[in-house]
Amino acid sequence: MTFDLFDSLPQDAPHAEPLAPGAVVLRGFAREHEQSLLDAVRDIAAQAPWRHLITPGGQRMSVAMTNCGQLGWVSDARGYRYEPADPESGKPWPAMPAGFLSLARAAAATAGFEDFRPDACLLNRYTPGTRLSLHQDRDELDLRAPIVSVSLGLPAVFLFGGLSRAERPLRVRLAHGDVVVWGGPARLAFHGIAPLADGDHALAGRERINLTFRKTR
DNA sequence: CAGTCGCA
DNA sequence: TGTG
């Protein structure tokens, strides 16, 4: 990886807001697809219902999760891993909608990561009070590929830290339609979501939906 | 044995 | 709220 997003980005992506080398917020990037994205989320949740996973330490996560794509992220007493089927039903995860794939690819390319081919999409549902404490996405085998994260519904404060837990994270407000991409030198950055403030979104109601695209292998 | 997507 |  020899590129630097601080140098390579802003000209062709006017709404790009660099967070760190290898990390950028694309403001409103997903907005034109808001309705079809939310429709697809409903459809996925009808096949693989939202559920609260248990951490290896035995704690119930406040975020409700489901997945689509070839593989889905799961957590239980045995640890974190990617599974080809929903452990609740034994059925394969719902297919990744074509629109999800093209949006994730376009966002990655805009951020300087060409040819992103995610094989997993984790869907997170936040309601007021829900949080996700600082963590790294390190269960993927292919760390060359970036993470692409799409925000829908209520706004949230995104915590974006460094490669060590001790570095104080930036606090960035993410609104409906914003997309964050991080990879390269930022691929293993610690990140999280502060407790969600109450509110009411015209399309999503009292919820924030986050789509996180990953290439796991 | 390392790490801890949560907690004290 | 930062750190183990």
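As annotated in an unreviewed UniProt entry, chain A carries the name DNA oxidative demethylase AlkB and is attributed to Cupriavidus basilensis. The UniProt entry for chain A carries the following comment under Cofactor (unreviewed entry): "Fe(2+)".

**Q** Which residues make up the pattern of salt bridges, and what values go with them?
**A** Considering all chains together, one arrives at 14 salt bridges under this definition. Notably, a salt bridge pairs R144 with D142, separated by 3.0 Å at the nearest N-O pair. In the salt-bridge network here, residues are joined through shared partners; they are D76, R78, R81 and E83.

**Q** Account for the packing of aromatic side chains, naming residues and giving values.
**A** Under the counting rule described, the total for this entry stands at five aromatic pairs. Between F158 and W182 the ring centres are 5.8 Å apart and the planes differ by 45°, which places this aromatic pair in the tilted class. With F158 in strand β9 (residues 156-160) and W182 in strand β11 (residues 179-182), this pair connects stretches of sequence that are 24 residues apart. W182 matches F158 in its accessibility class, with the two residues each being buried. Relative to W182, the ring of F160 lies with its centre 5.9 Å away and its plane at 70°, an arrangement referred to as edge-to-face. Taken together, the positions of F160 in strand β9 and W182 in strand β11 put the pair 22 residues apart, joining distant regions of the chain. For W182, a relative accessible area of 1% gives the class buried. Taken together, F158, F160 and W182 form an aromatic cluster joined through their ring pairs. Positioned above the aromatic ring of Y126, the side-chain terminus of R208 is 5.1 Å from the ring centre.

**Q** Outline the protein's contact with DNA strand B, supporting the account with residue identities and numerical values.
**A** The local shell around DNA strand B holds 14 residues, among which M61, Y80, S133, H135 and Q136 are the closest. Among all atoms of DNA strand B positioned within 4 Å of the protein, those belonging to sugar or phosphate total 62%. Here a phosphate oxygen of DNA strand B and a side-chain polar atom of Q136 are 3.0 Å apart. Considering each element in turn, the surface near DNA strand B owes the most residues, three residues, to strand β7 (residues 132-135). Broken down by class, the residue content of the surface near DNA strand B amounts to five nonpolar, five polar and four charged.

**Q** With reference to specific residues and values, describe the sheet that holds β9.
**A** Taken together, four strands build an open sheet; the order of strands is β7-β12-β9-β10 and the sheet is antiparallel. Lying at the two open borders of the sheet, with one neighbouring strand each, are β7 and β10 (170-174). Geometrically, the sheet is characterised by an average inter-axis angle of 20° between neighbouring strands, direction not taken into account. As defined by bridge partners, β9 adjoins β10 across five bridges and the pair is classed as antiparallel. Residue pairing in the sheet places L159 in a bridge with R171 of β10.

**Q** Which residues make up the sheet that holds strand β3 (residues 64-69), and what values go with them?
**A** Pairing in this open sheet of seven strands is antiparallel, and the strands run β1-β2-β11-β8-β13-β6-β3 from one edge to the other. At either margin of the open sheet sits one strand with a lone partner, and together these are β1 (16-20) and β3. Within this sheet the neighbouring strands show an average axis-to-axis angle of 20°, counted without direction. Sheet topology note: the strand β8 (residues 147-153)/strand β13 (residues 208-214) ladder contains six bridges and is antiparallel.

**Q** Go over the pairing of β3 with me, naming the residues and quoting the values.
**A** The element β3 is extensively covered by neighbouring structure, given that six of its six residues are classed as buried. Burial along β3 is two-sided: A64, T66 and C68 and M65, N67 and G69, pointing in opposite directions, are all buried. Inspection of the sheet shows β3 paired to strand β6 (residues 120-126) by six bridges, in the antiparallel sense. Across the sheet, the residue bridging to A64 is R125, located in β6.

**Q** Give me helix α3 (residues 98-110): which residues, what numbers.
**A** Here α3 spans 18 Å end to end across 13 residues, near enough to the 18 Å set by a 1.5 Å rise per residue. Looking only at α3, the buried set comprises F100, L103, A104, A107 and A108. Angularly, the buried residues of α3 cover 130° about the axis, an arc narrow enough to put them on a single face. Count one or two residues on from α3 and you reach G112, which has phi positive near 100°.

The rules behind these values
- Residues numbered from 1 in each chain as written.
- Chains lettered and ligands numbered in written order.
- Predicted model: local features only at pLDDT ≥ 70, side-chain atom pairs only at ≥ 80, totals over all residues.
- Heavy atoms only, no water.
- UniProt positions renumbered as here; feature names shortened; annotations may be inferred.
- Salt bridge = Lys/Arg side-chain N within 4 Å of Asp/Glu carboxyl O.
- Phe/Tyr/Trp six-rings, centres within 6.5 Å; stacked < 30°, edge-to-face > 60°.
- Helix = DSSP H or I, 4+ residues; strand = E, 2+ residues; numbered from the N terminus.
- Buried < 20%, exposed > 50% of the residue type's maximum accessible area, 1.4 Å probe, protein only.
- Lys NZ or Arg CZ within 6 Å of the ring centre and 35° of its normal.
- Near = heavy atom within 4 Å.
- Polar contact = N/O pair within 3.5 Å; in protein donor to acceptor, adjacent residues only side chain to side chain.
- Nonpolar A, V, L, I, M, F, W, Y, C, P; charged D, E, K, R; others polar.
- Pairing = 2+ DSSP bridges.
- Axes fitted to C-alpha atoms, helices over the stretch in contact; angles between N-to-C directions.
- Expected span 1.5 Å × (residues − 1).
- Arc of directions from axis to C-beta.

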